[in-house]
Amino acid sequence: MKIDGKQNIWKEYQKEIPDDNYYYARSCIRQNFFPASEETFLKIIKEVLGKNIYDDAHQTTCTGIAYHSDLVSFDTTMTVVARQFSLMNNVQLKNFVISCVTSFGIYSEAMETWKNFPETLEKTKEHLKNATGRDFTSPEIIAHTSDIIYKYREQIKEKAKFHLVNKNTGKPLRVVEHIGCHYAKIFPSKGIGGAEFPSVLSGMIESWGGEIIDYPERRHCCGFGFRHYIIKENRGYSLSNTKVKFDSMEPYKPDFVITNCPGCTFFMDRWQYVIAEMDNKTYGENGFGIPVLTYEEVAGLVLGFTPYTLGLQLHQVSIEPLMDKIGIPYDINEKYLGFENEEIGRPEKPKVLQVI
Amino acid sequence: MKPESKNIKEVLEKDILFIEGLNGCINCGTCTAICPAAKFFDYDPRQLMDTVQSMNNDELIELLKSDIIWYCGQCLSCKTRCPRNNVPGFIITALRRLSQDIGYFAQSAEGRKQLTVKRIVGENIIKYGYCVYIDEIELNGHPEQGPVWQWYKNNAASILKKLGANYKGSGEGTLREISESDLAELNSILKETGALEKFDNIERYCHED
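Residues numbered from 1 in each chain as written. Chains lettered and ligands numbered in written order. Predicted model: local features only at pLDDT ≥ 70, side-chain atom pairs only at ≥ 80, totals over all residues. Heavy atoms only, no water.

A.B. asks: Explain the overall build of chain B to me, and be specific about the residues and the numbers.
C.D. replies: The secondary structure content of chain B amounts to 14 helices and zero strands. Going from N to C terminus, chain B has its helices and strands arranged as α-α-α-α-α-α-α-α-α-α-α-α-α-α. Considering only C-alpha atoms, chain B reaches an extent of 60 × 40 × 30 Å along its principal axes. Counting only residues that meet the buried cut, chain B has 56% of its 209 residues in that class. Of all intrachain contacts in chain B linking residues separated by at least 6 positions in sequence, the fraction that spans at least 24 positions is 64%. As presented, chain B carries roughly 9,000 Å² of accessible surface, and 46% of it is formed by carbon and sulfur atoms. Of the side-chain charges in chain B, 25 are positive and 30 negative, and the distance between the mean point of each set is 4 Å. (Helix = DSSP H or I, 4+ residues; strand = E, 2+ residues; numbered from the N terminus. Buried < 20%, exposed > 50% of the residue type's maximum accessible area, 1.4 Å probe, protein only. Contact = heavy atoms within 4.5 Å. Areas by Shrake-Rupley, 256 points an atom, 1.4 Å probe, with all protein chains shown as cover. Lys, Arg positive; Asp, Glu negative; His and termini not counted. Charge placed at Lys NZ, Arg CZ, Asp CG, Glu CD.)

A.B. asks: Can you lay out the interface of chain B and chain A for me, pointing to particular residues and giving the numbers?
C.D. replies: Contact with chain B, which involves 82 residues of that partner, is made by 94 residues of chain A. Counting the surface lost from both chain B and chain A, the interface buries some 7,400 Å², and carbon and sulfur atoms represent 61% of this. At the junction of chain B and chain A, the tally comes to seven salt bridges. A salt bridge links Glu110 of chain B to Arg227 of chain A, with the shortest nitrogen-to-oxygen separation between them at 3.3 Å. Applying the counting rule to chain B against chain A returns 50 residue pairs in polar contact (both at pLDDT 80 or more). A per-element tally of the side of chain B that touches chain A places helix α10 (residues 114-128) of chain B first, with eight residues. Split into classes, the residues belonging to the side of chain B that touches chain A amount to 40 nonpolar, 24 polar and 18 charged. (Buried area = accessible area lost by both parts, 1.4 Å probe. Salt bridge = Lys/Arg side-chain N within 4 Å of Asp/Glu carboxyl O. Polar contact = N/O pair within 3.5 Å; in protein donor to acceptor, adjacent residues only side chain to side chain. Nonpolar A, V, L, I, M, F, W, Y, C, P; charged D, E, K, R; others polar.)

A.B. asks: Talk me through the sheet that holds strand β5 (residues 174-178) of chain A; I want residue IDs and the actual numbers.
C.D. replies: Residue and element names in this part refer to chain A. One open sheet accounts for four strands, arranged β6-β5-β7-β8; its pairing is parallel. Each edge of the open sheet is held by one strand with a lone partner, namely β6 (211-212) and β8 (292-294). For strand β7 (residues 256-259) and β8, the ladder comprises three bridges, and the chain directions are parallel. Residue Thr259 lies in a different strand from β8, and its bridge partner there is Thr294. The strands that helix α14 (residues 262-279) touches are β5, β7 and β8; relative to β8, the one it contacts most, it runs at about 160 degrees. (Pairing = 2+ DSSP bridges. Axes fitted to C-alpha atoms, helices over the stretch in contact; angles between N-to-C directions.)

A.B. asks: Tell me about the layout of surface pockets, and please be specific about residues and values.
C.D. replies: To locate leftover empty space, one rolls a probe as large as a water molecule over the atoms. Computed from the structure, the largest pocket encloses a volume of approximately 1,300 Å³. What lines the largest pocket is a set of 46 residues, among which Ser73 and Asp75 of chain A together with Asp15, Ile16 and Arg97 of chain B lie closest to the centre. Elements with a minimum of two residues in the lining of the largest pocket: α5 (74-90), α6 (101-116) and α7 (118-132) of chain A together with α1 (8-14), α2 (16-21), α7 (77-81), α8 (88-102) and α14 (195-207) of chain B. Sorting elements by how many residues they give to the lining of the largest pocket places α14 of chain B first, with six residues. Class assignment for the residues of the lining of the largest pocket results in 18 nonpolar, eleven polar and 17 charged. (1 Å grid on protein atoms, 1.4 Å probe; cavity = no way out; pocket = protein on both sides within 12 Å on 5 of 7 lines; lining within 4 Å. Points joined across faces, edges and corners; volume = space filled by probe spheres on them.)

A.B. asks: Provide a residue-level description of the sheet that holds strand β1 (residues 22-25) of chain A, including the pertinent values.
C.D. replies: Residues and elements named next belong to chain A. Strand order in the open sheet formed by four strands is β2-β1-β3-β4, and the pairing between neighbours is parallel. Where the open sheet ends on each side, the last strands, each with one partner, are β2 (53-55) and β4 (141-144). Strand-to-strand, the axes of this sheet are offset by a mean angle of 30 degrees, without reference to chain direction. Here β1 pairs with strand β3 (residues 95-98) via four bridges, running parallel. The residue bridging Ala25 from the neighbouring strand is Ile98, located in β3. Each of β1, β2 and β3 is contacted by helix α3 (residues 35-48), which is oriented at about 150 degrees to β2, the strand it contacts most.

A.B. asks: Just give me the short version of the pattern of salt bridges, but keep the residues and values in it.
C.D. replies: Residue and element names in this part refer to chain A. Tallied over the entire structure, the rule returns 40 salt bridges over all chains. Between Arg218 and Asp214 there is a salt bridge, with its nearest N and O atoms 3.0 Å apart. Residue classification places Arg218 among the buried positions, given a relative accessible area of 12%. On the basis of relative accessible area, Asp214 is assigned to the partly exposed category, the value being 28%. Between Lys325 and Glu285 there is a salt bridge, and its shortest N-O distance comes to 3.0 Å. One end of the pair, Lys325, is in helix α16 (residues 320-326); the other, Glu285, is in the loop between α14 and β8, with 40 residues separating them in the sequence. Overlapping salt bridges bring together Arg26, Arg30, Glu38, Glu39, Asp55 and Glu296 as one network.

A.B. asks: Describe helix α5 (residues 45-54) of chain B, and please don't skip the residues or the numbers.
C.D. replies: Residue and element names in this part refer to chain B. For α5, the set of buried residues is Pro45, Leu48, Met49 and Val52. One face of α5 carries all of its buried residues, which in axial projection span an arc of 100 degrees. Against α2, α3 (30-34), α4 (36-40), α6 (57-64) and α8 lie the buried residues of α5. For α5, the capping residue at the N-terminal end is Asp44, with a side-chain oxygen 3.0 Å from the backbone nitrogen of Arg46. Just beyond α5, the residue with positive phi is Met55, at close to 55 degrees. (Arc of directions from axis to C-beta.)

A.B. asks: Give a description of a negative patch on the surface that names residues and reports values.
C.D. replies: On the surface, a cluster of negative charge is made up of Asp50, Asp58, Glu59 and Glu62 of chain B. Per-element accounting of the negative patch gives the leading share, three residues, to α6 of chain B. (Patch = residues over 30% accessible without salt bridge, like charges linked within 9 Å, V, L, I, M, F, W, Y side chains within 5 Å.)

A.B. asks: Tell me about the domain arrangement of chain A, residues and numbers included.
C.D. replies: Residue and element names in this part refer to chain A. The assigned domain composition of chain A is domain 1 (14-145) and domain 2 (153-335). Here domain 1 and domain 2 have C-alpha centroids that lie 25 Å from each other. The partner domain 2 presents 33 residues to the 31 residues of domain 1 that form the contact. When domain 1 packs against domain 2, close to 2,900 Å² is buried across both sides, 73% of that on carbon and sulfur atoms. On the domain 1 side of the interface with domain 2, the three residues burying the most area are Phe34, Val48 and Val101, jointly 22% of the side's total. (Domains from an automatic or database assignment.)

Following this line, the structure appears as structure tokens:
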């Protein structure tokens, strides 16, 4: 494939990513489903890159899932966003870094709304003052956490213990990148590379030795669907859309999938289990699934962090075959030990999907 | 003021998402081609935009009472692809908002499912300060979570501590308990901006015959 033209298009879309001194806004979904990725981000920022980041005890949900499920109005969401900004003001920071893609869309939408409809900013200020007594000033820059890892991908490469290369063949691992829809589809200029050719994840993968797969349904939604996933009888929507993606990527034989959205990581991991159990269909080699990883998990593996401190044991699709390909050592017994190395049992094995 | 069925057009035209989302649709169908919801539901955003653009009050009322407006998954893929900068996903949000304000949502099977959304997401926000919370997610309601979730739930305190989280702890950290004072501020915002009233309305309309 000729990609020179595409790369030139990407160059038109560049965003400012702050260097240091971040205020960290957490993700509801990720704290529950991939809690270690939230911690790994902080570890990389503080210990690997030597940057300053503030983790605030006072922050709450941004209400993004409620807004996109049409449960709260944007007045509510903008006022909650304003409270988070007020918390950032309290610690004199100006770079607001968001670990959730839905939230990233929410914060971007609030700031764009205030800019284009100034009366909404005044109304938000009034709501916040009435409800909490607080005032607020918007950040100078907002960025997604994957933007920060992208910015420092070469520094991570310099400290890498492993590269995304098959140790047996010496060839780059073949990787599917999946960008959460609200990272750049709502506001293309807010994402690195825009909405059609985002380079935030492909940039990391190529820096760390892997090769990106282009496939027909590359930009298709994972299928979260907000209300559709929450409502049990509508959940088939989510499953069906994930299946569209895996059916489309399967012929290209990806070694793994990397995502920058908490929901996408979860759905693309769990729906593979469901498809296996319902349809007897698995997408990886030898009855396994295709591992789906957060960018912090990938960065952590590249940097040589102990695999089971990265939370890989919380995936339903086993990551061990990927670690074997790269040559990352792991102690499988450690996978199922608790905090004090106590035995905590093991998950039941699925009937169809192979797991380790 | 509560919107009435006779002034739907006026209410919609004041909605920022409606203003941003409708810029002269040429009915090319690009939105339908790209739409994940159109792939699996009897849903056609091109047709929806056509109806909305006509601004016929009776047709708008029919739309607000229908299942159609509840199929969109809010991925906003349509925003990126529309050649005329229309955003069916934004129009859907404006229509859903109005349908709930008037109470029409309770006249469609899909609309009534807002009750489930309110009882899960709305009550999580009020109780925990998170949209999603581990303690509320059980395998019988979420079988797709798989056996690994059951194992994680059974051993949550130990596993989360191993992964560096601060589950139910005070102060900062992953899955920390949000303090009473912070929850009080959040709930005060919900009250000030009408969210609690909206939650009550969902319950009320869904229980009216």
